[in-house]
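Residue-level structural notes
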Amino acid sequence: MQPKLTHLESNYIIKAPRSEIYKIMTDFENVPKYFPSVAKFAKYISRDGNNFVVEAQTKAFLGSKTFTVRMEGQLQPLTGFISTNTSSIGIEYEVFSMEEIPGGTKIHYVNDIEIKSPFFRRFSFLIKYVALWYWERAVFSKLKKILESKSVSVS
């Protein structure tokens with residue numbers, strides 16, 4: 001039987017141009033610098049045009065345990081990226097997309113997670129809410145702080 005996907009989805013508004021958000025969110029090797037509570041290390045394994053493979057040591061949310069993630073995806077210039085992220089925890093199908101809105105950028109984030117462990121699948125409802133709460137604080141709030149504190153004009 002195919003494991004059920006845990007669906008995470010949320011929208012965020014950042015008062016910054018898409019180009020500035022795109023620069024940070026697709027600078028995968030610097031994720032540990034921008035978002036230290038998310039990753040310890042990241043490097044490109046390959047990059048061919050808009051296609052990429054990144055390997056990272058990421059941190060489990062709300063903990064200090066790290067695990068290796070292989071991220072294979074495609075950049076969508078100035079609008080985001082899509083990726084399939086594989087780790088010992090499971091497989092994630094991630095979509096990060098952006099659109100300009102008056103005064104900033106709207107980010108639409110989707111992550112469908114196929115959790116490998118039958119034990120942890122029983123807690124998928126709880127995992128969904130904890131993961132969204134964590135990403136809000138560890139990534140999107142931090143991104144807002146980085147970009148909204150700059151005097152960046154929105155085009």
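Note that the coordinates shown come from a computational prediction; the quantities given were computed from them, not determined experimentally.

Another point: the overall build of the protein. Within the protein, the regular secondary structure consists of 4 helices and 7 strands. Mapped in sequence order, the helices and strands of the protein form the string β-α-α-β-β-β-β-β-β-α-α. In terms of C-alpha radius of gyration, the protein reaches 15 Å, essentially the compact-globule figure of 15 Å for 155 residues. Overall, the C-alpha framework of the protein stretches about 50 × 35 × 30 Å when taken along its three principal axes. Going through the 155 residues of the protein one by one, you find that 38% of them count as buried. Summed over its atoms, the accessible surface of the protein is roughly 8,800 Å², and 56% of this surface lies on carbon and sulfur atoms. Positive and negative side-chain charges in the protein, numbering 21 and 15 respectively, have mean positions lying 7 Å apart.

Now for unusual backbone geometry. Here Leu78, not a glycine, exhibits a phi torsion of approximately 60 degrees, which is positive. Tracing the sequence through the fold places Leu78 in the loop between strand E4 (66-76) and strand E5 (80-86). Judged by its relative accessible area of 40%, Leu78 is partly exposed.

Here the focus is a nonpolar patch on the surface. Taken together, the side chains of Phe119, Phe120, Phe123 and Leu126 make up a nonpolar region of the molecular surface, amounting to roughly 400 Å² of accessible area. Of the residues examined, Phe123 reaches a relative accessible area of 37% and is grouped as partly exposed.

What follows is about the pattern of salt bridges. Scanning the entire structure with this criterion turns up 3 salt bridges. Residue Arg18 pairs with Glu100 through a salt bridge whose shortest N-O separation is 3.2 Å. Residue Arg18 is found in helix H1 (residues 18-25), and its partner Glu100 is found in strand E6 (residues 90-101); the two are separated by 82 residues along the sequence. A relative accessible area of 22% means that Arg18 is categorised as partly exposed. Note that Glu20 is salt-bridged to Lys23, the shortest N-O span being 3.0 Å.

Their axes nearest at 11 Å, the elements H1 and helix H4 (residues 124-148) cross at an angle of 125 degrees. As the angle between them shows, H1 and H4 are arranged oblique. As for the relative orientation of H1 and H4, their crossing is right-handed in sense. In contact with Glu20, Ile21, Ile24 and Met25 of H1, H4 contributes Val139, Leu143, Ile146 and Leu147. Counted by class, the contact of H1 with H4 contains 7 nonpolar, no polar and 1 charged residues.

What counts and what doesn't
Throughout this document, residue positions are counted from 1 along each chain, in the order its sequence is written. Totals for whole chains, interfaces and linings use every residue, but because this is a predicted model, local features are given only for residues with pLDDT of at least 70 and side-chain atom pairs only at 80 or more, for both listing and counting. To get the side-chain values, take all heavy atoms of the structure and skip hydrogens and water. In this description a helix means any DSSP run of H or I spanning at least four residues, a strand means any run of E spanning at least two, and both kinds are numbered starting from the N terminus. Just to be clear, the radius of gyration here is over C-alpha atoms, and the globule rule we use is 2.2 Å times residues to the power 0.38. Buried, partly exposed and exposed residues are distinguished by accessible area as a fraction of the type maximum, computed with a 1.4 Å probe on protein chains only: under 20%, between the cut-offs, and over 50%, respectively. The accessible surface values rely on the Shrake-Rupley method and a 1.4 Å probe; as for residues, cover is taken only from the protein chains in view. Neither His nor the chain termini are counted; the positive set is Lys and Arg, and the negative set is Asp and Glu. We put the charge of a Lys on NZ, of an Arg on CZ, of an Asp on CG and of a Glu on CD. Patch criteria: residues need more than 30% relative accessible area and no salt bridge. Like-charged residues are merged within 9 Å; nonpolar side chains of Val, Leu, Ile, Met, Phe, Trp and Tyr are merged within 5 Å. Any carboxyl oxygen of Asp or Glu within 4 Å of a side-chain nitrogen of Lys or Arg constitutes a salt bridge here. Axis definition: a line fitted to C-alpha atoms, over the contacting stretch in the case of helices. Angles run 0 to 180 degrees between N-to-C directions. For classification, angles of less than 35 degrees are called roughly parallel, those exceeding 145 degrees roughly antiparallel, those between 65 and 115 degrees roughly perpendicular, and all remaining angles oblique. By convention, the crossing between two helices is left-handed when the near helix turns anticlockwise from the far helix through less than a right angle, and right-handed when the turn is clockwise. Contacts: residue pairs with any heavy atoms within 4.5 Å of one another. Basically, the charged four are Asp, Glu, Lys and Arg, the nonpolar ten are Ala, Val, Leu, Ile, Met, Phe, Trp, Tyr, Cys and Pro, and anything else, Gly included, counts as polar.

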